[in-house]
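Tertiary structure, described
If you want the building blocks of each chain, they are given just below.
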Amino acid sequence: MKKLFFFGVLIIITSCATEKLNLSPLSNNFYSETKGSDSDRGSKKSFDINIKENVNASEISNLISTFPKFKNEKLNEEITSLKYSLQNYLYAIDANNINGKNRAIKSFEKSYRKIQKLRQNIEKDDNEVLNRYLVRLKTNISVIEDSLKN
């Protein structure tokens, strides 16, 4: 009972007293300052979105970092590819790279289709967990894409 009380107090103290760890792929450690100025871009189309303050981008980053591992190795490999595509997507938006964003979306869609095929061979519980992650990813990407079009 004393151990349980101690761990409860420890969790409360650490959760209230410390700043949450930022596992976002767009954290300051990875952020590139090599974006050109507006005059360097000339007439290129640019995005009107601040990806670092976008809730949907943060959700995607959190999903990338918390994606579970499954028993099926092929599925895990394809999920790794999907996560890599999502990181590239976020980086491309942050850098106003339209071509990079489009390549990342195509790569994401390709991995997504492969994962949908591999889902047929996994257990029901794993399938439900995977489905929740995939739906949340697609929803957040759709919202970002809609905001980019406006």
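Look a little higher up for the structure.
So, here is what we can say about the structure in this document. (Residues numbered from 1 in each chain as written. Predicted model: local features only at pLDDT ≥ 70, side-chain atom pairs only at ≥ 80, totals over all residues. Heavy atoms only, no water.)

Next up on the list: the overall build of the protein. Secondary structure summary: the protein contains six helices and zero strands in total. Seen in sequence order, the protein has helices and strands lined up from the N terminus as α-α-α-α-α-α. Buried residues in the protein amount to 33% of all 150 residues. Counting contacts in the protein only where the partners sit at least 6 residues apart, residues at least 24 apart contribute 76% of the total. (Helix = DSSP H or I, 4+ residues; strand = E, 2+ residues; numbered from the N terminus. Buried < 20%, exposed > 50% of the residue type's maximum accessible area, 1.4 Å probe, protein only. Contact = heavy atoms within 4.5 Å.)

Below, the discussion takes up helix H4 (residues 73-94). Its 22 residues place the ends of H4 32 Å apart at the C-alpha level, agreeing with the 32 Å of an ideal helix rising 1.5 Å per residue. Burial in H4 covers these residues: Leu-75, Asn-76, Glu-78, Ile-79, Leu-82, Ser-85, Leu-86, Tyr-89, Leu-90, Ala-92, Ile-93 and Asp-94. Packing partners of the buried residues in H4 comprise helix H3 (55-66), helix H5 (98-118) and helix H6 (124-149). The opening residue of H4, the one whose side-chain oxygen lies 3.0 Å from the backbone nitrogen of Lys-74, is Asn-72. Immediately beyond the C-terminal end of H4, within one or two residues, lies Asn-96, with a positive phi of roughly 55 degrees. (Expected span 1.5 Å × (residues − 1). Polar contact = N/O pair within 3.5 Å; in protein donor to acceptor, adjacent residues only side chain to side chain.)

Here the focus is the packing of aromatic side chains. Both the distance between ring centres and the angle between the ring planes are used here to describe each pair of aromatic rings. Taken as a whole and assessed by the stated rule, the structure comprises two aromatic pairs. Seen from their ring centres, Phe-67 and Tyr-133 are 4.7 Å apart, and the 45 degrees between their planes marks the pair as tilted. Of the two residues, Phe-67 is situated in the loop between H3 and H4 and Tyr-133 in helix H6; the sequence distance between them amounts to 66 residues. Like Phe-67, the residue Tyr-133 is buried in the burial classification. Note on Phe-108 and Tyr-112: the rings are 5.8 Å apart at their centroids and 40 degrees apart in plane angle, and the pair reads as tilted. Of this pair, Phe-108 and Tyr-112 both sit in helix H5, separated by four residues, roughly a single helical turn. Pair check on accessibility: Phe-108 and Tyr-112 agree, each one buried. (Phe/Tyr/Trp six-rings, centres within 6.5 Å; stacked < 30°, edge-to-face > 60°.)

Close contact between H3 and H6 brings their axes to 9 Å; oriented N to C, the two are set at 155 degrees. Comparing their axes, H6 and H3 come out roughly antiparallel. Of the two possible hands of crossing, H3 and H6 adopt the one that is left-handed. When H3 is examined against H6, the residues Asn-56, Ala-57, Glu-59, Ile-60, Leu-63 and Thr-66 are found in contact with a partner set consisting of Tyr-133, Arg-136, Leu-137, Asn-140, Ile-141, Val-143 and Ile-144. Split by residue class, the contact of H3 with H6 holds eight nonpolar, three polar and two charged. (Axes fitted to C-alpha atoms, helices over the stretch in contact; angles between N-to-C directions. Parallel < 35°, antiparallel > 145°, perpendicular 65-115°, else oblique. Left-handed = near helix turned anticlockwise from the far one by under 90°. Nonpolar A, V, L, I, M, F, W, Y, C, P; charged D, E, K, R; others polar.)

Right, let's get into the pattern of salt bridges. Following the criterion strictly, the structure yields three salt bridges and no others. Residues Glu-123 and Lys-71 are paired through a salt bridge, measuring 3.2 Å at the closest nitrogen-oxygen approach. Taken together, the residues Glu-123 in the loop between H5 and H6 and Lys-71 in the loop between H3 and H4 connect sequence positions 52 residues apart. Note on Lys-71: relative accessible area 68%, which makes it exposed. (Salt bridge = Lys/Arg side-chain N within 4 Å of Asp/Glu carboxyl O.)

It is worth spelling out the environment of Asn-56 at this point. Among the secondary structure elements, Asn-56 is positioned in helix H3. If sequence neighbours within four positions are ignored, Asn-56 has contacts with Asn-140, Val-143 and Ile-144.

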